[in-house]
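# Chains, contacts and geometry: an overview
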Amino acid sequence: MKYLLLIHSNPVTWGHPSFLNTERGKALPKQARAALSAQLDKLLAELQESGELINAVPLDPPAKTRVVRVREGVRATTDGPYSETKEQLAGVFLIDVAGPGRAEEIAATIPEAEFCAVEVRPVSVFD
């Protein structure tokens, strides 16, 4: 089953990896910050080796976002993210795993889960 792991972060403290740019992340001792970065690197390597990782990408800040809508054949493009929320989409992992339990297990090991949020969303398959 394919899942999209959506990493959310606060646009005020934007940067990658996002957990190091949160107020809490910045306050961590250097060794703890290095350990979290190593945790992420290890996770990516393990998922790559197991064949579960399809792709993982960070996203540019919400300020660079453009939203496109077409109404009655007329395209309208606006600046900024679609919604005004405290946390915005910062990056994604696309994984292919045995089931939802494994997807949640992976999401829990992404450091952002401790600092922001990681959403686990199944990818629909068209019939």
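As a reminder, the structure under discussion sits directly above these lines.
Being a predicted model, the structure only gives us computed values, none of them experimental.

Turning our attention to the packing of helix H2 (residues 30-50) against helix H3 (residues 100-109). Between H2 and H3, the shortest axis-to-axis distance is 10 Å and the interhelical angle comes to 150°. Relative to H3, the element H2 lies roughly antiparallel. Residue-level inspection shows Gln39, Leu43 and Leu47 of H2 in contact with H3, the latter providing Arg102, Ile106 and Thr109.

The next subject is H2. Between the first and last C-alpha of H2 there are 30 Å, a value that for 21 residues agrees with the 30 Å anticipated at 1.5 Å per step. Taken as a whole, H2 has its buried residues at Leu36, Leu40, Leu43 and Leu47. Here the buried residues of H2 occupy an arc of 60° about the axis, which is enough to place them on one side. In H2, the exposed residues that point more than 90 degrees away from the buried face are Lys30, Gln31, Asp41, Lys42, Gln48 and Glu49. Immediately downstream of H2, the backbone of Gly51 shows phi near 85°, a positive value.

Among all positions of H3, only Ala103, Ile106 and Ala107 are buried. One face of H3 carries all of its buried residues, which in axial projection span an arc of 100°. Summarising the geometry of H3, the exposed residues directed more than 90 degrees from the buried face are Glu104 and Ala108. Contact partners of the buried residues in H3: strand S1 (2-9), H2, strand S5 (88-96), helix H4 (112-115) and strand S6 (117-122).

Below, the discussion takes up the pairing of strand S3 (residues 66-71). Looking at chain direction, S3 and strand S4 (residues 74-79) are connected through 6 bridges and run antiparallel. What sits directly across from Val67, in S4, is Thr78. With antiparallel pairing between neighbouring strands as the criterion, S3 and S4 make up a hairpin whose turn holds 2 residues, including Glu72 at a positive phi of roughly 50°.

Let's shift gears to the sheet that holds S1. Pairing is antiparallel in the open sheet, where 4 strands are placed in the order S2-S5-S1-S6. Of all strands in the sheet, those with a lone pairing partner are strand S2 (53-58) and S6, marking the two edges. If you compare each strand with its neighbour and ignore which way they point, the axes differ by 20° on average. Across 6 bridges, S1 lies against S6 in antiparallel orientation. Of the residues in S6, the one forming a bridge with Ile7 is Val118. On the sheet, H3 packs against S1, S5 and S6 and is oriented at approximately 30° with respect to S1.

Definitions and cut-offs
Residues numbered from 1 in each chain as written. Predicted model: local features only at pLDDT ≥ 70, side-chain atom pairs only at ≥ 80, totals over all residues. Heavy atoms only, no water. Axes fitted to C-alpha atoms, helices over the stretch in contact; angles between N-to-C directions. Helix = DSSP H or I, 4+ residues; strand = E, 2+ residues; numbered from the N terminus. Parallel < 35°, antiparallel > 145°, perpendicular 65-115°, else oblique. Contact = heavy atoms within 4.5 Å. Expected span 1.5 Å × (residues − 1). Buried < 20%, exposed > 50% of the residue type's maximum accessible area, 1.4 Å probe, protein only. Arc of directions from axis to C-beta. Pairing = 2+ DSSP bridges.

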